Amino acid sequence: MKTITLKSIKYSRIPLEFDDIIPENIYNWNKSDFQKYKVYIGNTKKFITDYFSIDIKGSANNPNECTIVIDTNGQKIKYIGLNMEFGKIIVNGDADLHVGAQMKSGYIRVNGNAESYTAREMTGGTLEITGDVKEYCGSSYIGQWRGMSGGKIIVKGNAGKQLADCMVGGEIFIGKNVDILAGIHMVNGFIQINGDLGKWPAGQIKNGTILVKGHVDELLEGFILKEIITNPLINNDYVFGRYLCFTGDLSVKGKANIWINASKNKHLLE
């Protein structure tokens, strides 16, 4: 096994772009390879060793035997894990825009918060955020219709607006609260929210499942109450408690199910 540790030693007010720093590209690099490599900073390129120290331990015969550790020390870094397919990336600190974007496989953990477009258009693998994530997590990108289609996103904190916009598959687990418009344009997949959910979730949703264990501010008119079940089986797990199951969005002939904690959402029955 090989561990490559990049530790920030110099701060740039413009974020660095790490779109090539993934296990499949660097698993067989040594220090001399890093000394020759340049990263984008805005519209210029600089040597990565001007901004990061490099420590390499062990060896790898293939990218699955490689773990990249990035100690940010407050440095903003975009595109961590872009198109990643093998190995592991551990980020100690916050991640900037597009962490895990278009990720195909492997594992990424951010020991901190993540910016917008986390895991956009993800197709596989697992991405874990120990803090909060901003808007458009698991979504499509600007001008695109296809969001996350596979894999798993785990956010232990809160999530921002338009979580899983245009999601077509995969699983998302949010440990705390989610802002407005979660699951908008969703086609399929599963979202679990352990905290509260903001207004107008799942607008124009066609299929898939959303589970909310906390309070829901407001549902759109395109949802009707389908049934009320105690301890329902949802996404192959039993969820304890009494849950309301709403189906919709009827405005697009949707057949999705939104399961909502009954004891915390009596206003939805009025």
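Residues numbered from 1 in each chain as written. Predicted model: local features only at pLDDT ≥ 70, side-chain atom pairs only at ≥ 80, totals over all residues. Heavy atoms only, no water.

(A) Region of interest: the layout of surface pockets. Counted as a void, the largest pocket has a volume near 240 Å³. The wall of the largest pocket is formed by 14 residues, among which Asp94, Ala95, Asp96, Asn113 and Glu115 lie closest to the centre. Grouping the constituent residues of the lining of the largest pocket by class yields four nonpolar, four polar and six charged. (1 Å grid on protein atoms, 1.4 Å probe; cavity = no way out; pocket = protein on both sides within 12 Å on 5 of 7 lines; lining within 4 Å. Points joined across faces, edges and corners; volume = space filled by probe spheres on them. Nonpolar A, V, L, I, M, F, W, Y, C, P; charged D, E, K, R; others polar.)

(B) Molecular detail of a nonpolar patch on the surface. Nonpolar side chains collect at one region of the surface, where Leu225, Ile228 and Leu269 lie side by side and expose about 230 Å² of accessible area between them. Relative to the helices and strands, Ile228 is located in strand S15 (residues 224-230). (Patch = residues over 30% accessible without salt bridge, like charges linked within 9 Å, V, L, I, M, F, W, Y side chains within 5 Å. Areas by Shrake-Rupley, 256 points an atom, 1.4 Å probe, with all protein chains shown as cover. Salt bridge = Lys/Arg side-chain N within 4 Å of Asp/Glu carboxyl O. Helix = DSSP H or I, 4+ residues; strand = E, 2+ residues; numbered from the N terminus.)

(C) The arrangement of the sheet that holds strand S2 (residues 16-17) in detail. Spatial ordering of the open sheet is given by S4-S3-S2-S7, a layout of four strands whose pairing is mixed. The strands lining the two open edges of the sheet, one partner per strand, are strand S4 (44-47) and strand S7 (77-78). Bridge analysis of S2 against strand S3 (residues 38-41) gives two bridges, and the strand direction is antiparallel. From the neighbouring strand, Glu17 faces S3, where its bridge partner is Tyr40. (Pairing = 2+ DSSP bridges.)

(D) Summary view of the packing of aromatic side chains. In this structure the tally under the stated criterion is six aromatic pairs. An aromatic cluster of at least three residues, connected via ring pairs, comprises Trp29, Phe34 and Tyr37. A cation over a ring is seen here: Lys10 above Tyr51, with NZ or CZ 5.1 Å from the ring centre. Cation over ring: Lys38 sits above Phe47, and NZ or CZ is 4.8 Å from the ring centre. (Phe/Tyr/Trp six-rings, centres within 6.5 Å; stacked < 30°, edge-to-face > 60°. Lys NZ or Arg CZ within 6 Å of the ring centre and 35° of its normal.)

(E) Broad picture of the environment of Glu171. Structurally, Glu171 is set in strand S12 (residues 171-174). Between the C-alpha atoms of Glu171 and Thr126, which are 45 residues apart in sequence, the distance is 9.6 Å. Excluding anything up to four places from it in sequence, Glu171 contacts Met148, Gly151, Lys152, Ile153, Phe190 and Asn235. Engagement of the side chain of Glu171 in a polar contact is seen with the side chain of Asn235, the distance being 3.0 Å. (Contact = heavy atoms within 4.5 Å. Polar contact = N/O pair within 3.5 Å; in protein donor to acceptor, adjacent residues only side chain to side chain.)

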